[in-house]
Every structure is written in structure tokens, then in C-alpha cells.
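# Secondary and tertiary structure notes
Spelled out, the chains give:
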Amino acid sequence: MLLLLCCSINAMAQNRPVTGRILDKFTGQSLGNATILVKGTNQNIPVAEDGSFSLNVNDTATVLVISYVGYGTQEISVGSQTELTILLSNSEASLDDVVVIGYGAVKKRDLTGSVVSIKGGEATKVPVSSPIEALQGKIPGADIYRNNGYAGGTPNIRIRGTRSIGNPNSSNNVLYIIDGIQYANMADINPNDIQSIEVLKDGSSTAIYGSRGANGVIIITTKKGASGKPKISVNSYAGITERTNYGKAQNAEQFIAFRREAYRADGRWNSPADDATAFTTRELEAINNQQYIDWMDLIFHQGLQQDHQVSVSAGGEKTKIYFSGGYFDEKGVLKNDRFKRYSTRLNVDQKLTDWLTAGTNLSFAHIDNDIRRDPFNLAFKALPLGVPYDSVGNVVSLPVGGTERSPLLDDQPGEWYQNRKTNRFSGALYLDIHPFKDFTWRSTFSTVQESSILGNFYGKNSINGGGANSQSSITNNQVSNINWENVLTYKKSIADHDLTVTGVTAYQQNISTIQSMSGRNQLFPGQLTWNMAAANQNMAMSSNYSRWNLLSFAGRINYSYKGKYLATVTGRTDGSSKLAPGNQWGFFPSAAVAWRISDENFMQSQKIFDDLKLRVSYGVSGNDVVPPYGTQSNLSVVQFAYGDVLASSYVINPLIANPDLRWERTKTIDLGLDFTLLKNRLSGAVDYYNALTYDLITENVLPTSTGVSTINMNFGQTRNQGIEVSLTGNIIQGPDFKWSSTLSYAKNRERIISLPNGNVYASDYRRSFIIGESPTIFYDYVKLGIWQSNEEAEAAKYGDRPGDIKVADLNNDGKITPDADRTIIGTAVPKWSGGLNNDFSFKGFDLNVLLTARIGQWMTSDYFAKYYRNASQNGAVFDYWTPENPTNAYPRPSVARSLKYITTLTEADNSYMKLRNVTLGYNFSKSFLNKYKVDNVRLYVSGKNLWYWSKASKEVDPESEGIVDQPLNKLVVVGLNVSF
């Protein structure tokens, strides 16, 4: 009996109840639906909406692991307590967030470089085909914009300006690393697979990548499996796309008035009675019958975009698996413009022993891309007269005769086909070996294997065919990229000292092969590109092979004293096969220090700063911008006549070898300040940087007497310097309503410091290089307006007359010359760019509003050039000069007058602001979730590119930079996220 009583008392002691609440440390707000796990078990403790919970514990050593979105993870030892009040701080969580850096990861609080981390949820707020587009307006210093509206189009991105110039192979593209694998095409990546995105910007953080990191690095980490019950997620959306503002071609009435004015200006038209002089018989017939055409209305269609993905995350104590499959389909606003992506991903981590872990990251994407030829340039030229289709529905090739063909010809079945099918496999196998305490050896073998087929066919009656012959071509391209990396890491903590030493060896090999074939006059046009032997004219074939290798060794030391004095030293050596022996190896060092000021004793009594850190870094990175074999002289085959017989010979290519060509290098200094203040009400970072790129690899022109034309040499320098600001404010944090806002701002000045032969004043107004100025200037005449009627005598001095373009005589010598009267009009680089991202939530509703801006950049617009002064073609709608309309915008139409200085019409300040995205979502209640046994259900509607303000024009979406053959779209979708 006594034994039973003792056992009963012991059992009661082992199963005592514990209750508690989870609150925000600063606001006291309940954190409902947080996650509580009992450490070392799979036991999940439910948390009510008011943050309360209860459980029974049987051991004073029980440890609870508490996590909440945005607040990180915290461990609490229960001990002998029966009531717990757990205070979570989202600022502390932010500091403890793990940030992925090159060949490793650190807590955000320990960062010494300029790195921006974006969690995966940010990549899915906007319906995009590429995750990089989702970063627009959110990364200070990353200038991201999309000027291509075709299906599957990807955005342009520059991090901290343009460095490499003056070489056709110059690359300012960033380096993409996905799960440790170097990658090139972001269109393969499903944003729903992303766990985090890190953007490395300064020389210290990118130096570990050596020659590959000169233009910044973007590291994407995909999701992994997790212990516990399997989690299934379904993410799906679908919606419609329509063109944004695109500009207008003249309608029939406007064109008729335009043509009449062109003839009136030269004294050949006075009234409609003279129309026979200005119009052809077919044109007059269409005018009299009011047969008018709106080509743009016929070309544009409503598009479709949809994305569907299913993922499974599961795992146990030793095995963790993440698997996903996705389908993305974007149908453009033109016929024959479509991008389809089928993707799958498998990530597996397996703990084999206490000292050995193995894993794999595998992905496969199949892309089917129908590519449409540009019909817009022709649509602006085509006269808006006649009928587009005949009585049986066929396209009329020449609606009013003449030579301007219908822009609808490629819409006919079988007349246009361009398709690229791409299969891309990415795979990595790794071993994590822990032979002894504090030491890790990770060996990773990775590969990217790509195969693509590009087929192109246009029929006899297509736009390109012109009624003559069909033409077809096919190109096979294979790319094999192999990478083997070994990363040795040693971590040691002794008292107040923390040390991490990292060593890296890496070998990369890239092989590319291309085979192509083309021919004209297909026997059966319906065979498109699949029977090239049936083409009986102009048969041609070619092939190409290239290979390059990169061998690298790197080391890094991270040191921390008391967690507040931080230092990082990095060195990397790269050997590139692209450069000649003796110059193949380059060394790229960096160093960074940081001081956590907020951890000092003298900061403990102040109430303003929750966190304050000062950073300083310096680093050198490199670039080998020449192609494989670019430092060697090559031979080409040429045909010449030997009597009456054609013979072959070999000649040296115009680009001659330079075995002394060295690495192009960039050294960067960065000064940064990270801060959190007012109880996490405001947080942010400010960075100043100064980057000097020297030993620029540029093409230099040689005298014709040498027998060759150019040589690659190391000459010239460029500098990029600027400031970046990021501010996040938790403006309202109430029990029901929350509002947080993040502002990003970047100002970069890029300029040329030196050039091998001084300034380059090119005849092309977009290709001049001037020391002290940006590499992307527009160097042109200054348009003052249009010569007016009262300026006839002054205009005559310059060979002009009223109605002509008036440009500035900068040196006042009475004549306009390119050497003396051109100047810098503007630059394609914005004076500043930024974004404002707002997140609102009210009970179950959430709202995201994103504004972006690019201010101060100039553009040269194709659209503004769609002015055909002699009226032989149609053109866009512009305000042109007549005696009755003395405007200063566009010159007077004239059959006889040339259009001098047309480039001055195309240049404009392209400052703009856009409402990039608006997303409204609803998260279903907990009672609904419990009823249907699901973890989360969210329904949302999202719109992209809904509104803009532009300084240049209301008619054309400014992000397109006035490129008429790539109209941008606006998108509205409805989506659903479910997890269970």
C-alpha cells in the first residue's frame, strides 16, 4: 500500500500542469498561433489566438522551443515553474536570423559586409516569372527594371552601377548562386521554392567569389525538408494580362491631314481637290469608301498568366526531404508569344552517422517558348487605309498597294514559327564530414546540363518572306557546367573569443557546343524546321566548340571578441584559362571590421537605440571579360577567285592576340551603419561606397597598315560611388491593425576616370566616352525647338526654314557641326532610385502596396522616332508644326525636306514612379482551418503595373524606355495558398 502511494505521488510530480502566454516584448500584444515544440520530441503544443497555452511536464529539465513568424526562435527552460510569460522580440529575432554568405552562413548581428537578406515570402507577393523581378524596389543599390514585355521576359539588374565598358564582351551581370551552384537563367526558378535571397554588394562580401563576384552576387537558398509531420502546400494563381500604355499610331483622319500638310508645305496641295497629287489611286479609293484600319487594335490580344505549384516537406530525425512540382504558363498579348515552364525540385538531407551527412539538391526545368517577331515597327509605318482581310478572312498582303506589307501577315497559320525548347538539369551532391569537434569538411560536386533547340521558320507570304521564298533554320546548343568545391570550416569559441576559419578549393569547367543549319525555299512549308534537307536554296551549316576552366583557392577568417568587435579577412586566388600563360592567376583580397556599439556598457542606459553597428570594409574583385580563346589570334576561312575557280584561304581575324592581357579589377571601400531604435519601431541601414575599376579590358583600334583592326588591352578606369539607405518602420502595431513600411533609396554616380586615347566622340550619339562622365551618356545636339515664322532669316543662315528643327549653335560660329555643337544631353543612369513597400493587416486581411521610382535617367525612345516627315508612312501621333500651329515639339511635315537632327526628338528625361504591385489577401479563420483540418488557407487578388507617373510621356510606359517592339503589360490575378 505504501509502495502504491509513493508511485502515485511520483506520477503526480512528473505530470504537473504548466500554463503560459506568449507576448510581444515591446508592445505586450498577444502572439496567437505561435509554435511551441518540446525540445527533443515531436510534441507540438497548441497556442490559442490570445497567445495562451497549457501542457503537462514530467521533468524539470523540459525545454520549450517557441517560434513565431518574424520573431525567430527562442528556447525556454521550464524548470519548476508552473506559469510562464514568454516575451518575444522581433528585433532580437532579426539579429539572430541566419544570413547566407559565400561558402557559409552567419547571424545577421555578426555581419561585417553589406548584405541584404530577403525571405522567400517576399518573392511570392508579386506574380512574376522570375524571382529577380520580385526584388524590384526592395534592394538599395540594385537597379532593377524590365523593358521587355514578351512572355517569359526577364528584368535587367545592375548592382552599384556599370563597371566594364568599351568591350563587346563586357559583362556587368551579377553572379547567381542557387544552393551553392552557379546559375545563369533565373527563369527556371519557381519563386515558391525559395527560402531566402541574399544580395552581396560590397567588396568584402563578394571577394570570396573572386573573379566571379565583381558585379555583385545574389545567393538563392531553396526550401529544405523539416522534422515532424509532412507538410503539403499548394500555391496557385491565374489571371489576365493586357498592354499598358503603349502609344498611338495616327488614325486615318490624322494620317490624311498629315499627308496633306506634307504636300502643302512644298506647295503641292491647297485643298481636297489636290488629293490626287498627295494620294495614290488605291489610297483615294480607301479614303472615299472610308475603309480605315486600326492596326494596333488588330495586333493586340488579351493575354493569360497562370502558375501552379505543389510541394511536400517532410522528415524525421535523420532524413529530411523537400519535393515540388510546378507549371507556369504566360501567354503574351500577341499571337505566337507564349512561355511555358515545367519545373521540379528535390532536396534531400540524410544523416548517415554522427559524423557524416549526405544530401542532394536536384532540379529540372523544361521550357517551351514561342517567340514572336516584332510587328510593331511595321504597324506604325503601315497606312491606316484599306481593308485588313479579304472576303474569306485571309490577310490582305498590300491593303493599298505600294510596298508596305500588312503587319498581320505573321498571324496567319503556318507563316511564322520561332520556338526554343530548353531542358536544364541542375544537380548537386554533397558530403558533410565532421571528423572531430569544431571541424567540418563539406565536399560538393555540382553540374548544370543544358540542351536547347531553336527553330525558326517564316513562310513565303510572311513579313520577312515578302512574297519571295520561305526560310528555315535550326540551332542546337549544349552547355555543360561542372563544379567541384571543397569547403573546410573550423569554429572555436574560447571565453570571449569566437573564431571561424574557412578554406575553399574550387574547380569549374564550362563546355559549350553549337550546331546550326539553314536553308531557303522549303519543299513543304508545313514541315517548318524538321526537314532541312528539303530546302533547295542557300543551304548553310556551321558548328562551334568552346571551353574554359577556372581553378580557385580561397580562405577566410571571421573573428569576434565579446560579440561586439568583429573582423573578417578574405583572400582568393583564381586561375582562368581565358587569359594567356603568365597572366592567368589573380589574387583578390578583402578585409572588414564591425563594431556593435549598442553592446557597449555606455549604451545600456540610453533608451533610443536597440541595436547599433558600424561597418567598414575593403575588397578587390576581378573580371575576365574576354571570351574563351580571346587572347589568341584566330584564323577564318575566306573565298577568293583563282582564275575562274573559287578557292579557299585562311586569314587572321581582325581581332589580334594579346598575351599580356591581365585581369580587370575592382577595388571597393564601403562604410555602413546598421541600426534599430525606439523599441524596434524603426530599423535600417545606411551605406556609402566607392568602387574603382581599373585595368579595363577594352578594344583598341589599330592602324590599317597592321593588317588587323583591333586588340584587347588593359586601359582605362571607371568609378562608381554612392549612398544607399534602407528604412523599415513598424508604424502601427495594434491588436487588430498593423502597418509596416520599408523605404529603399540609392544614389549612384558612375564616371570614367581614364581612357587609353582620351575622350571618344562617336558618330553614334549613344556611344561616346568622355572622361569624368557616365559611360552611358547621350552626346548630341541640343534641341531648342522649331524654327518659327518670324525667324525665317535666322534659320536660313543654317540652311533651315520655319518648321525645321532648331538646334543650338554652341560655339556661335554660324554653322552646326558635330565636333563643336554636340554636348551631353543626359545619361541612362538614374540620379536615384527607390521603392516604398507597405504591408497592412487587419484581422484576417492583408494588403501589400509597392511603389517604385527611377528619377533623373534619360532615354532615347524608339516611339518618339516614329515620325516620318515625308508622310510616305504613317507614324505615331505627335504635335507637329504648321503655320497655324506654331508648336516647338515636332517639325512640319514635308515631302521634300529631310529630317535633320531626328535623334534630338527621341531624347527625354525618363523619370517615373510606378504602382508596381497591389495585393489584397484574406487568411481564413482558425475555426475554419480546424473544421477542415488544414494549417492555412489564403485567398488573394493581385495587380501589377496598375499606374504610373512619367515625366517623358503619358502615352508610353516609361519602364519600357520607349522600345516599341517590347510593350509592357499589366496583370491582374486571383490566387490561392493552401497548406496542410
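Summary of the structure given here. Here the structure is a predicted model, which means the values were calculated and not measured. Residue indices follow the written sequence of each chain, beginning from 1 at its first position. Thresholds applied to this predicted model are a pLDDT of at least 70 for local features of residues and 80 or more for the giving and counting of side-chain atom pairs; totals over whole chains, interfaces and linings are not thresholded and use all residues. Only heavy atoms go into the side-chain values, all of them from the structure, while hydrogens and water stay out.

## A few points about unusual backbone geometry
Excluding glycine, residues mostly have negative phi values, and the peptide bonds linking residues are mostly trans. Even without glycine at this site, D179 takes up a positive phi of about 50°. Inspection of the secondary structure puts D179 in the loop between β13 (175-178) and β14 (181-183). One non-glycine residue with positive phi stands out, namely N680, at about 70°. Tracing the chain through its elements places N680 in the loop between β33 (664-677) and β34 (682-694). Burial here depends on accessible area, computed with a 1.4 Å probe over protein chains only, as a share of the maximum for the residue type. Under 20% is buried, over 50% is exposed, and the range in between is partly exposed. N680 gets classed as buried once you look at its relative accessible area, which sits at 9%. Note on conventions: DSSP H or I runs of at least 4 residues are helices, E runs of at least 2 residues are strands, and numbering of each starts at the N terminus.

## Observations regarding the sheet that holds strand β36 (residues 710-714)
Within the open sheet, the three strands sit side by side as β32-β36-β35. Their pairing is mixed. Strand pairing shows two members of the sheet lacking a second neighbour, β32 (655-656) and β35 (697-701), which therefore form its edges. DSSP bridges decide pairing: two strands pair if at least two such bridges lie between them. Pairing between β32 and β36: two bridges, direction parallel. When the sheet's bridge partners are listed, L655 is paired in β36 with T710.

## Looking at the packing of aromatic side chains
Between the rings of Phe, Tyr and Trp (Trp by its six-membered ring), a pair exists once the centres lie within 6.5 Å; its type follows the angle of the planes, with under 30 degrees stacked, over 60 edge-to-face, and the other angles tilted. What the rule picks out here adds up to 29 aromatic pairs. Ring geometry for Y327 and Y342: centres 5.1 Å apart, planes at 40°, overall tilted. Of the two residues, Y327 sits in strand β19 (residues 319-331) while Y342 sits in strand β20 (residues 338-351), which places them 15 residues apart along the sequence. In this structure Y342 comes out as partly exposed when scored by relative accessible area, which is 37%. A network of ring pairs unites the aromatic residues Y246, F258, F300, F376, F380, Y863, F864, Y867, F878, Y880 and Y890 as a single cluster.

## Considerations on empty space enclosed by the protein
Detection works on a 1 Å grid of protein atoms alone, calling trapped sets that fit a 1.4 Å probe cavities and calling open sets with protein on both sides within 12 Å along at least five of seven lines pockets, with lining residues defined by an atom within 4 Å of a point. Grid points are joined across faces, edges and corners, and a volume is the space filled by probe spheres set on the points. Going through the model one piece at a time under the given rule, you end up with nine cavities of 30 Å³ or more. Its boundaries defined by the atoms lining it, the largest cavity holds a volume of some 150 Å³. In this structure, the largest cavity is lined by 15 residues; those nearest its centre are I101, T112, G113, S205 and T568. Among the elements of the structure, α3 (203-206), β26 (535-561) and β27 (565-576) are those that each provide at least two residues to the lining of the largest cavity. Under the scheme applied, nonpolar residues are Ala, Val, Leu, Ile, Met, Phe, Trp, Tyr, Cys and Pro; charged residues are Asp, Glu, Lys and Arg; polar residues are all the others, including Gly. A class-by-class count of the residues in the lining of the largest cavity yields five nonpolar, eight polar and two charged.

## A look at the environment of I474
Within the fold, I474 resides in strand β24 (residues 471-494). For the pair I474 and D687, spaced 213 residues apart in sequence, the C-alpha to C-alpha distance is 49 Å. In contact with I474, other than residues within four places in its own chain, are I453, L454, G455, Q515, S516, M517, T529, W530 and M532. Residue contacts are defined here by distance: any two heavy atoms, one from each residue, within 4.5 Å place the two residues in contact.

## As for the sheet that holds strand β10 (residues 115-119)
The pairing of strands in a sheet comes from backbone hydrogen bonds and takes either a parallel or an antiparallel form. The strand order across the open sheet built from five strands is β10-β15-β16-β13-β14, with neighbouring strands paired in mixed fashion. Single-partner strands in this sheet number two, and they are β10 and β14. The average undirected angle you get between the axes of adjacent strands in this sheet is 25°. With six bridges connecting them, strand β15 (residues 194-200) and strand β16 (residues 217-222) associate as antiparallel partners. Across the sheet, residue E198 finds its bridge partner in β16, namely I219. A fitted line through C-alpha atoms represents every axis, and for helices the fit uses only the stretch in contact; the resulting angles, taken between N-to-C directions, go from 0 to 180 degrees.

## Observations concerning the nonpolar core
Here, nonpolar core means buried Ala, Val, Leu, Ile, Met, Phe, Trp, Tyr and Cys residues that are tied together by side-chain atoms lying within 4.5 Å of each other. Within the largest apolar cluster, 39 residues are counted, with the highest numbers of intra-cluster contacts made by F376 and Y863. Looking at this core, the elements with two or more residues in it are α4 (252-264), α7 (295-299), α8 (376-381) and β41 (805-807). Examining the composition of this core, we find that four residues originate from one element, α8, more than from any other. Discounting residues that sit within four places of it in the chain, F376 has contacts with Y150, Y246, M296, I299, F300, L334, V964, D965 and P967. Within the second largest apolar cluster, 27 residues are counted, among which are A123, V128, A142 and V199.

## Let's talk about the pattern of salt bridges
In what follows, salt bridge is the name for a side-chain nitrogen of Lys or Arg lying within 4 Å of a carboxyl oxygen of Asp or Glu. Following the criterion strictly, the structure yields 44 salt bridges and no others. One salt bridge connects D599 with R109, and the closest N-O pair in it is separated by 3.4 Å. Note that D599 is positioned in the loop between β28 (585-596) and β29 (609-623) and R109 in the loop between β9 (104-107) and β10, a separation of 490 residues in sequence. You can call D599 partly exposed: its relative accessible area is 26%. By relative accessible area, R109 is classed as partly exposed at 23%. We note a salt bridge from D800 to K900, for which the minimum N-O separation is 2.9 Å. Taken as a pair, D800 in the loop between α9 (792-796) and β41 and K900 in the loop between β45 (858-860) and α10 (903-906) lie far apart in primary sequence, 100 residues in all. By relative accessible area, which is 33% here, K900 ends up partly exposed.

## What to know about α4
Residue count minus one, scaled by 1.5 Å, sets the expected span of a helix. The terminal C-alpha atoms of α4 lie 18 Å apart, and with 13 residues this matches the ideal 18 Å at 1.5 Å per residue to within 8%. Within α4, burial applies to A252, F255, I256, F258, R259, E261, A262 and Y263. The elements touched by buried residues of α4 are α5 (275-278) and α6 (281-288).

## A word on the side chain of N748
Tracing the backbone shows N748 in strand β38 (residues 737-754). Take N748: its relative accessible area is 16%, and that puts it in the buried class. N or O atoms closer than or at 3.5 Å make up a polar contact, with two conditions inside protein: a donor-capable atom paired with an acceptor-capable one, and, for residues adjacent in sequence, both atoms drawn from side chains. Side chain to side chain, N748 and Y689 meet in a polar contact 2.7 Å long. Within the local environment of N748, its side chain forms a polar contact with the side chain of N720, the two groups lying 3.1 Å apart. Once residues within four sequence positions are removed from consideration, N748 is found in contact with R160, G161, Y689, N720, Q721, G722, V829, P830 and K831.

## A word on α6
Looking only at α6, the buried set comprises E283, L284, A286 and I287. Down the axis, α6 shows its buried residues gathered within 160° of arc, on one side only. Exposed and facing more than 90 degrees away from the buried side of α6 are T281 and N288. On its buried face, α6 is in contact with α4 and α5. Just downstream of α6, Q290 is the residue with a positive phi angle, here 50°. This arc is built from the directions going out from the helix axis to the C-beta atoms.

## A look at the pairing of β36
Among the five residues that make up β36, four are buried, leaving the element largely enclosed by the rest of the structure. Direction of pairing for β35 relative to β36: antiparallel, over a ladder of five bridges. The residue of β36 that forms the bridge with E699 is N712.

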